[in-house]
Amino acid sequence: MTLSDWLLVFSTIFCLITQAITINVNPAIAQEGCPQPALSRLTRHKVAAGETLESVANQYNLIPATLINLNPGLRGGALPVGREILIPPFNGIRVQAPRGSSWQDLAASYGVRADVLYEINGCQAQPQLVFIPGASSPAGARPSSDRFTGFAAYPLPSEATVALSYGWHQDPNTGQARFHSGIDLLADPGTSVLSVDSGTVAFADQQGSYGNLVVVNHQGGRQTRYAHLGRVSVAAGQLVKAGDTLGIVGSTGRPEIDSPHLHFEVRYYSSQGWVAQDPEPNLKAKPTARAVRFG
C-alpha cells in the first residue's frame, strides 16, 4: 500500500470518528446516523499578538466574512489580544430560520441543496438556528469539474427492487418530511453484499442506526456505505476490488422499512465533509440476473 493510500485510510477513519463523538449536542436535535450539527462543532481561538482577522481566517482555511458573521464584534476590524472568537468547521453563515419554514424553503433562499442543509444541521426535523454552508464564500468560486461516470459493479449479486428511494419522504407516523440518504434494495437475509468498485475499507463495525456498517473509500473523493448488514466480512484498512464480498444482508440497527434489504449510500467529499448524493445514477453496471425474493 502506498503512502497516499494510508493517508486516505487514516483521514477517513478520523472523519468518521469525529462525526460519531457527541459535543454538547441536544439529543432531540442530532439524530443517530447524521453528522453532528455544524454549530455544535465550533471551536474557540484566542487571539495572539500580531494576528489579524485575515491571518486567523487563513489559519482555518476560512474567509473573514465567515468569522464576522459568527463574531459580530469583529465588524469594526478590532481584534484585541486575548479575545476568544468562534471558529466554524467551514465557510458559511449562522441563520435563524423563519418560523414555520422548511429545509426546502431555505434551499430556495440560499441556493444550497435541501438535503445538504438537513444533514449539515444534524437532521433536525424543522430548521431553527442553522448553519448555511458556503453562503459567505467568495463570488465566482466554482467546484472542480467531475468526470465520474458510475461505479464498476452492483452492490448485490442480482439487480434488486428499490423499496425506498433517495430523497425526501413523509413519515407516516408524524407526517413530517424526512430525508433518506440512500436507497433500500430488497434482498433476502444472507445475500452477499458486494463492493461496487475498488477502494479501501474505512470503517467496518456497528454504527448506531446503521447497524453493522461497511464504508469504502474510492478514488476521486467518493465513498459508499453498506448498512444493516447481518455480518461484516472485511476490516478497516483492507483493500477491496469491485465485486468483493463485504458482508451479508441483515436487519441490524434501525431500518426504515420492515422488509429485508440493503441500505446503500453514495457520498462525495466536499468542504462540508462527506455529502450524500442519489446512488441510482451511479449504479450503471447491472448484474444480468434479477433478484428473486421468496416469502
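In this text, all values refer to a predicted model and were calculated from it rather than measured experimentally.

Asker: Any chance you could explain the overall build of the protein here in plain terms?
Answerer: For the protein, the count of helices and strands is 5 helices and 16 strands. In the protein, which comprises 295 residues, the proportion classed as buried is 45%. Look at the contacts in the protein between residues 6 or more apart in sequence, and 66% of them connect residues 24 or more apart. A total of about 14,800 Å² of accessible surface is found on the protein, and carbon and sulfur atoms cover 52% of it.

Asker: I keep staring at the packing of aromatic side chains and nothing clicks. Help me out?
Answerer: For any two aromatic rings, the description comes down to two numbers: the centre-to-centre distance and the angle of the planes. A complete count under the given rule lists 7 aromatic pairs for this structure. Note on Tyr118 and Trp168: the rings are 5.0 Å apart at their centroids and 70° apart in plane angle, and the pair reads as edge-to-face. Highlighted residues: Tyr118 in helix 5 (residues 114-120) and Trp168 in strand 6 (residues 167-170), separated in sequence by 50 residues. Taking the relative accessible area as the measure of exposure, Trp168 reaches 26% and is therefore partly exposed. Ring centres 5.4 Å apart and planes at 55° place the aromatic pair Tyr226 and Phe264 in the tilted group. Pair noted here: Tyr226 is in strand 12 (residues 222-232) and Phe264 is in strand 15 (residues 261-270), with a separation of 38 residues, a long-range link. In textbook terms, an aromatic cluster arises when at least three aromatic residues are bridged by ring pairs, as seen for Trp103, Tyr118, Tyr166, Trp168 and Phe179.

Asker: Honestly, the pairing of strand 10 (residues 199-206) in this entry has me stumped. Any pointers?
Answerer: The side chains of a regular strand alternate, first on one face of the sheet and then on the other. By the bridge criterion, 2 bridges tie strand 10 to strand 13 (residues 239-240) in an arrangement that is antiparallel. Considered in strand 13, the bridge of Gly199 is made with Val240. Bridge analysis of strand 10 against strand 11 (residues 212-218) gives 6 bridges, and the strand direction is antiparallel. Within the sheet, the bridge partner assigned to Phe203 lies in strand 11 and is Val215. Counting the residues that bridge the hairpin from strand 10 to strand 11 gives 5 residues, and of these Gly208 lies at a positive phi of roughly 55°.

Asker: Explain helix 4 (residues 103-110) here, please?
Answerer: Along an α-helix, residues three or four positions apart point the same way, because every turn accommodates 3.6 residues. Listed in full, the buried residues belonging to helix 4 are Trp103, Leu106 and Ala107. One side of helix 4 carries all its buried residues, which in axial view fall inside an arc of 105°. Residues Ala108 and Ser109 are exposed on helix 4 and point more than 90 degrees away from its buried face. Close packing links the buried residues of helix 4 with helix 5, strand 4 (129-133) and strand 6. Trailing helix 4 by a residue or two, Gly111 shows a phi angle of about 70°, which is positive.

Asker: For this particular structure, what's the right way to read the nonpolar core?
Answerer: In a soluble, globular protein the nonpolar side chains are often hidden away together inside. Core analysis: the biggest nonpolar cluster contains 47 residues, and Leu156, Leu185, Val214, Tyr226, Leu262 and Phe264 have the highest contact counts within it. Here this core gets 5 residues from one element, more than from any other, and that element is helix 5. Excluding residues within four positions of it along the chain, Leu185 makes contact with Tyr154, Pro155, Leu156, Ala160, Thr161, Val162, Pro260, His261, Leu262 and Phe264.

Asker: What exactly am I supposed to notice about the side chain of Asn212 here?
Answerer: Along the chain, Asn212 falls in strand 11. Setting aside anything within four residues of it in sequence, one finds Asn212 in contact with Asp205, Gln206, Tyr226, Ala227, His228, Leu229, Gly230, Arg231, Val232 and Thr252.

Asker: Teacher, can you tell me more about the pattern of salt bridges here?
Answerer: Side chains that differ in charge, positive against negative, can pair when their charged atoms come close. One pass over the full model with this rule turns up 5 salt bridges. Residue Arg267 is joined to Glu119 by a salt bridge in which the shortest nitrogen-to-oxygen separation is 2.9 Å. Of this pair, Arg267 sits in strand 15 while Glu119 sits in helix 5, and the two are 148 residues apart along the sequence. Residue Arg267 is classed as buried on the basis of its relative accessible area of 2%. A relative accessible area of 7% means that Glu119 is categorised as buried. For Lys241, the salt bridge is made with Asp244, and the minimal N-O distance between the two is 3.9 Å. The class of Lys241 is exposed, set by a relative accessible area of 54%. In the salt-bridge network here, residues are joined through shared partners; they are Glu119, Glu265 and Arg267.

Asker: Would you mind showing me how to read the confidence of the model for the protein here?
Answerer: Close reading of the predicted structure is inappropriate where its pLDDT is low. When the pLDDT values of the protein are averaged, the result is 80; 80% of them are 70 or greater. Note that residues 3-32 has pLDDT below 50 and, in this model, 42 contacts with residues that lie over four places away or in other chains. Counted against residues more than four places away or in other chains, residues 291-295, with its pLDDT under 50, gives 10 contacts.

Asker: Got a minute to help me understand the environment of Val249 in this structure?
Answerer: Position of Val249 among the secondary structure elements: in strand 14 (residues 245-249). For Val249 and Thr191, which are 58 residues apart along the polypeptide, the C-alpha to C-alpha distance reads 5.3 Å. When residues no more than four places from it in sequence are discounted, the contact partners of Val249 are Leu156, Ala187, Asp188, Pro189, Gly190, Thr191, Val193, His228, Gly230, His261 and Leu262.

Cut-offs applied
Numbering of residues starts from 1 in each chain and follows the order in which that chain's sequence is written. pLDDT decides what is reported in this predicted model: residues at 70 or higher carry local features, side-chain atom pairs at 80 or more are listed and counted, and totals for whole chains, interfaces and linings draw on all residues regardless. The basis for every side-chain value is the complete set of heavy atoms in the structure, and neither hydrogens nor water enter the calculation. By definition, any uninterrupted DSSP run of H or I lasting at least four residues is a helix, any uninterrupted run of E lasting at least two residues is a strand, and each is numbered from the N terminus. Only protein chains enter the area calculation, which uses a 1.4 Å probe; residues under 20% of their type maximum are buried, those over 50% are exposed, and those in between are partly exposed. Residue contacts are defined here by distance: any two heavy atoms, one from each residue, within 4.5 Å place the two residues in contact. All accessible areas in this document rest on Shrake-Rupley with a 1.4 Å probe, and a residue is counted as covered only by the protein chains that are shown. Each Phe, Tyr or Trp ring, with Trp reduced to its six-membered ring, pairs with another whose centre is within 6.5 Å; inter-plane angles below 30 degrees give stacked pairs, above 60 give edge-to-face pairs, and intermediate values give tilted ones. Two strands pair if DSSP finds at least two bridges between them. The directions from the helix axis to the C-beta atoms are what the arc is built from. Nonpolar cores were defined as sets of buried Ala, Val, Leu, Ile, Met, Phe, Trp, Tyr and Cys residues, with membership established by side-chain atoms within 4.5 Å. The salt bridge definition used is simple: a Lys or Arg side-chain nitrogen within 4 Å of an Asp or Glu carboxyl oxygen. Confidence of the predictor at the level of single residues is captured by pLDDT, which takes values from 0 to 100.

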